[in-house]
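Examining the three-dimensional arrangement
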Amino acid sequence: MTQPPRTEIDVATLLSELESRIRTNTTQTGTTDALTPEELRVLHEALHEVELTRVISAHWLIQGIGVVGRITAALQKITRRLLRWYINPIVEQQNAFNDAALRAMRLMIDVFEEQTASLPPPPVAPRMAPRTTAAITPDNAASIQATLASSEPTFDMWENDLRVVEAARAHIFHVHAHWPLPVERPTDSIANIVHKLQRRLLQWYINPVTANMNTCNRAMHTGLVHIATYLVALRVAPPLHHIRTRHDA
Amino acid sequence: MTPRLTIVSTWYGPDTAGGAEVAARRLAQAIHALGYPIDVWTTTARDAFAPRAPYYPSGPGTDEGITVRRFIVSPELEESTIPAAAAQHPLVQRTLKQLNPPRRELRVLSTLVHSDALLQALVAEAEQRQYIFVPYPLPISVWGGMMVPEQSYLLPCMHDEPYAYHHLSRWQIQHAQKLMANSAQERDFLITTFALPAERVVLSRLGIDLTVIGNGAAFRDTYGITTPMLFFAGRRDVTKNVPLLILYVQEYILRRGRLVTLVLSGRDSIELTSYQRVYVRDVGFLSEQDKADAFAAADVFIHAGTQESFAFVLMESWLQGRPALVNRDCAVTAGAVAEARGGLDFNDFASFAAALDILLEHPDVASSFGEAGRDYVQHHCRWPDVAARVVSAVQGE
């Protein structure tokens, strides 16, 4: 199999750049910050965690103590070498994805920062309905509500869409190597015994890889959730603080 | 001898939260107040929001004059297995063989709190008792109903949700002696979904305490609320559409340029960002009086959830004379609002914003809705009437 080309990027520099952009942007948002210092600290930590965990390895240290241990370790090394053609491309694909995901995070922040800069300021005077001349009573309220609603500009719910990443945690951010083996035909029970044996014999090899992937996935998920919060904050925090200040005054 | 009425609820007690569990406790108290003998069987666990470790002491005890027998919670089951007490029961064995329920149904049930001791007691005392299981989708109700079908009555607290379509739920609903519906919409749903004869589903409704008087000014003073106030009470999660509600309120503020405060009350924790805290106030779990004060303080009570069989909080809000804004996709709350003429409903941001415009800018209209809601509650939510309907349904009196 031809292995996919590995994109080389300096992730540490990228992350440091990203953090510095976030910090700079936050202090440039006007009278108030998009996020509090504590929230920013959490975001920075989440991004660091992505960096620390993003490289998946299929070559964990194999050590054997005593004669039996050394023989076992030698057999494991041979097995790993024999299965390298099979496992390593999978791991490399995952690493390529992780790099791409990090690039996507950077792009998201770029795009949102740019868009936020061009947003109009919040309305200065309240734009409160009714935009109708009809007298409202309990009897006609529902029909007037429908009339008013028809003139309300569409709400595109992009913020809600961003939250999908948060809701998806349980479903797509966890990798299993030990899923239930189904029994749909009588022969499946025999096959499953063999599969369970194979799984047990290879768990020293596969389990650390999936554990590594899950650590990375958790970090990636947390990073995405915090970035989503930051992106929303860029748009909504300054006008909200502005409206609050105006109300308090 | 008339069999003794026994309410069977997985969770029950003064510190127990949850709509169905609160309903079970208030129903027991109302039946007791009418002078009918009633017992409650439950577990030692507190509620769905707490670990299954014992919270209440096991054994017999009393709560507000009612005998409450608490059974210890059994250890967690292995995935997709069923409680030992049920697995050994011939009716359960036969029914499972006929039904052959999908594994996923058993998997869900196996993760929930159960008590083998309670299930065994159901069978041991079946001759002397009539059991009212509350609510339907928990292991004690499912397996208990299967073990003693002839003594099983059900207060299902059901709405249109995935559990309702489980094979086991269908069996349970179709084999209960009678079902008590909390609302006309729930009754219609039960009859049409499970092809039940109308006489098997009694519209018993639920009641609320009609004597509570809220002090809105006190609540606003305590929490320093100086803006128009929107109030939600309940579980603050996606099942009640709370994230969507927060998003809608935020967008409303941004579009109108005017601050309103969304007050959220509930037992579960909720994470808010700093910008959400500009307009959202988390007041946590409120006592009954504080909650009444909050209802009275609110300009609008909002209930965005779609999965309800009754919605106590809607009725409690109306009791304080406040208008409601509910989700049009919830047959029960939208149906109640239409029947009571107690507010407006919404099904997207535009209708949500338009409703708030009307209710916040026209206090006279809002007050009229609130008054109509109060009349509805005072007519429909009297506990003695509810208790009499339940006793009549179960004991034919």
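This text goes with the structure placed above it.
Notes on the structure follow.

Cut-offs applied
Along each chain, residue indices are assigned from 1 in the same order as the chain's sequence is written. For this description, chains carry letters from A and ligands carry numbers from 1, given in the order in which they are written. In keeping with the model being predicted, local features are shown solely for residues with a pLDDT of at least 70 and side-chain atom pairs are shown and tallied solely at 80 or more, while totals for entire chains, interfaces and linings include all residues. Neither water nor hydrogens contribute to the side-chain values; these are computed over all heavy atoms in the structure. Runs of E in the DSSP output that reach at least two residues are strands. Runs of H or I that reach at least four are helices, and both are numbered from the N terminus. Residue burial is assigned from relative accessible area. The probe radius is 1.4 Å, only protein chains are included, and a residue is buried under 20% of its type maximum, exposed over 50%, and partly exposed in between. Should any heavy atoms of two residues lie within 4.5 Å, those residues are counted as being in contact. Residue exposure ignores everything except the shown protein chains as possible cover, and the areas themselves are Shrake-Rupley values with a 1.4 Å probe. Take the accessible area each of two parts loses on contact, using a 1.4 Å probe, and add the two losses: that sum is the buried area. For this document, the term salt bridge refers to a Lys or Arg side-chain nitrogen within 4 Å of an Asp or Glu carboxyl oxygen. By the criterion applied in these results, polar contacts are pairs of N or O atoms within 3.5 Å in which, for protein atoms, one can donate a hydrogen and the other can accept it, and in which residues neighboring in sequence qualify only through two side-chain atoms. Each residue receives one of three labels: charged for Asp, Glu, Lys and Arg, nonpolar for Ala, Val, Leu, Ile, Met, Phe, Trp, Tyr, Cys and Pro, and polar for the others, Gly being one of them. In this analysis, the expected span of each helix is defined as 1.5 Å times one less than the number of residues it contains. Pairing of aromatic side chains here covers Phe, Tyr and the six-membered ring of Trp, requires ring centres within 6.5 Å, and sorts the geometry by plane angle: under 30 degrees stacked, over 60 edge-to-face, intermediate tilted. The criterion for strand pairing is that DSSP finds at least two bridges linking the strands in question. Between the N-to-C directions of two axes lies an angle of 0 to 180 degrees, each axis being a line fitted to C-alpha atoms and, for a helix, fitted only over the stretch in contact. The cut-offs work like this: below 35 degrees is roughly parallel, past 145 is roughly antiparallel, 65 to 115 is roughly perpendicular, and the gaps in between are oblique. In the cavity and pocket records, a cavity denotes points on a 1 Å grid over the protein atoms alone where a 1.4 Å probe fits but cannot get out, a pocket denotes an open set with protein on both sides within 12 Å along at least 5 of 7 lines, and lining residues are residues with an atom within 4 Å of a point. Grid points are joined across faces, edges and corners, and a volume is the space filled by probe spheres set on the points. These domain boundaries are the output of an automatic or database domain assignment.

This brings us to the overall build of chain A. The helix and strand tally for chain A stands at 8 helices and 0 strands. The burial tally for chain A puts 37% of its 249 residues in the buried class. Of all intrachain contacts in chain A linking residues separated by at least 6 positions in sequence, the fraction that spans at least 24 positions is 79%. Accessible area for chain A stands at about 15200 Å²; split by element, carbon and sulfur atoms hold 61% of it.

Counting residues at the interface gives 38 residues for chain B and 43 residues for chain A. On the chain B side of the contact with chain A, Arg255, Arg256 and Tyr275 of chain B bury the most area, a combined 21% of that side's loss. Across the contact surface, chain B and chain A share 4 salt bridges. Among the salt bridges present, the one from glutamate 251 of chain B reaches arginine 235 of chain A, with a minimum N-O distance of 3.2 Å. Summed over the shared surface of chain B and chain A, the number is 12 residue pairs in polar contact (both at pLDDT 80 or more). By residue number, the principal contributor to the side of chain B that touches chain A is helix 10 (residues 242–256) of chain B, which donates 10 residues. Among the residues forming the side of chain B that touches chain A, the class breakdown is 19 nonpolar, 9 polar and 10 charged.

Moving on: the side chain of threonine 227 of chain B. For threonine 227 of chain B, the location among the structural elements is in the loop between helix 9 (216–223) and strand 9 (229–233). The exposure class assigned to threonine 227 of chain B is buried, which follows from its relative accessible area of 3%. Polar side-chain contacts of threonine 227 of chain B include one of 2.5 Å to the side chain of threonine 261 of chain B. Non-local contacts of threonine 227 of chain B, meaning those with residues more than four positions away in its chain, are made with His247 of chain A together with Arg220, Leu259, Val260, Thr261 and Asp299 of chain B.

Right, let's talk about helix 14 (residues 349–361) of chain B for a bit. Residues and elements named next belong to chain B. For helix 14, spanning 13 residues, the distance from its first C-alpha to its last is 18 Å, which sits close to the expected 18 Å at 1.5 Å a residue. Taking burial as the measure, the 13 residues of helix 14 include 12 buried ones, the bulk of the element. Where helix 14 is concerned, the buried positions are Phe349, Ala350, Ser351, Phe352, Ala353, Ala354, Ala355, Leu356, Asp357, Ile358, Leu359 and Leu360.

All names here are of chain B. Counted under the stated rule, the structure contains 19 aromatic pairs over all chains. On the numbers, 5.2 Å between centres and 80 degrees between planes, the contact of phenylalanine 231 with phenylalanine 295 is edge-to-face. Here phenylalanine 295 lies in helix 11 (residues 288–297) and phenylalanine 231 lies in strand 9, a separation of 64 residues in the sequence. As far as burial versus exposure is concerned, phenylalanine 231 and phenylalanine 295 are alike and both buried. Ring centres of phenylalanine 295 and phenylalanine 301 lie 5.5 Å apart, and the angle between their planes is 65 degrees; this geometry places the pair in the edge-to-face category. Considered together, phenylalanine 295 and phenylalanine 301 belong to a single accessibility category, that of buried residues.

The subject of this paragraph is the sheet that holds strand 11 (residues 280–284) of chain B. Residues and elements named next belong to chain B. Pairing is parallel across the open sheet formed by 6 strands, whose spatial order is 11-10-9-12-13-14. Two strands in the sheet have a free side with no partner beyond their single neighbour: strand 11 and strand 14 (343–346). Within the sheet, the average angular offset between the axes of one strand and its neighbour, ignoring direction, is 25 degrees. Where strand 12 (residues 300–303) meets strand 13 (residues 324–327), 3 bridges bridge the pair, whose relative direction is parallel. The residue of strand 13 that forms the bridge with histidine 303 is valine 326. Lying on the sheet, helix 9 is in contact with strand 9, strand 10 (261–265) and strand 11; it crosses strand 11 at an angle near 105 degrees.

So, about the pattern of salt bridges. With the rule as written, the count across this model stands at 33 salt bridges over all chains. Residue aspartate 248 of chain A pairs with arginine 244 of chain A through a salt bridge whose shortest N-O separation is 3.5 Å. Taken together, the positions of aspartate 248 of chain A and arginine 244 of chain A, both in helix 8 (residues 186–248) and 4 residues apart, correspond to about one turn of that helix. Classification of aspartate 248 of chain A by relative accessible area gives exposed; the value is 53%. On the basis of relative accessible area, arginine 244 of chain A is assigned to the partly exposed category, the value being 24%. Residue glutamate 316 of chain B pairs with lysine 291 of chain B through a salt bridge whose shortest N-O separation is 3.4 Å. With glutamate 316 of chain B in helix 12 (residues 312–319) and lysine 291 of chain B in helix 11, the pair connects residues that are 25 residues apart, well separated along the chain. The pair formed by glutamate 316 of chain B and lysine 291 of chain B is uniform in burial state, with each residue classed as buried. One network of salt bridges, with partners in common, ties together Glu152 and Arg235 of chain A together with Glu251, Arg255, Arg256 and Asp357 of chain B.

Two packed helices can be described by the angle between their axes and the distance between those axes. Residues and elements named next belong to chain B. At a minimum axis distance of 8 Å, the contact between helix 3 (residues 90–99) and helix 6 (residues 139–147) shows a crossing angle of 105 degrees. It follows that helix 3 is roughly perpendicular to helix 6 by the angle criterion. Listed contacts from helix 6 to Leu91, Val92, Thr95 and Leu96 of helix 3 are Trp143, Met146 and Met147. Of the residues contributing to the contact of helix 3 with helix 6, the split by class is 6 nonpolar, 1 polar and no charged.

For the rest of this paragraph, the subject is empty space enclosed by the protein. Residue and element names in this part refer to chain B. Following the criterion strictly, the structure yields 3 cavities of 30 Å³ or more and no others. The space that makes up the largest cavity amounts to roughly 90 Å³. In this structure, the largest cavity is lined by 13 residues; those nearest its centre are Ser183, Arg205, Phe310, Met315 and Tyr376. Mapped onto the lining of the largest cavity, the elements with two or more residues apiece are helix 8 (184–194), helix 13 (331–340) and helix 15 (363–380). Examining the composition of the lining of the largest cavity, we find that 3 residues originate from one element, helix 13, more than from any other. Within the lining of the largest cavity, the residues separate by chemical class into 7 nonpolar, 4 polar and 2 charged. Lining the lining of the largest cavity are residues from two domains, each supplying at least three of them: domain 1 (4–207 + 382–395) and domain 2 (216–380). Taken as a whole, the second largest cavity holds about 70 Å³ of empty space. Elements supplying a minimum of two residues to the lining of the second largest cavity: helix 4 (103–110) and helix 7 (167–175).

Below, the discussion takes up unusual backbone geometry. All names here are of chain B. Residue proline 135 is bonded to the preceding valine 134 through a cis peptide linkage, with omega at -20 degrees. In this fold, proline 135 is placed in the loop between strand 5 (129–134) and helix 6. If you check the backbone angles, glutamate 64 has positive phi at about 55 degrees while not being a glycine. Within the element layout of this structure, glutamate 64 appears in the loop between strand 3 (59–63) and strand 4 (66–71). Of note, arginine 205 is a non-glycine position whose phi angle comes to about 60 degrees, a positive value. Here arginine 205 lies in the loop between strand 8 (201–203) and helix 9.

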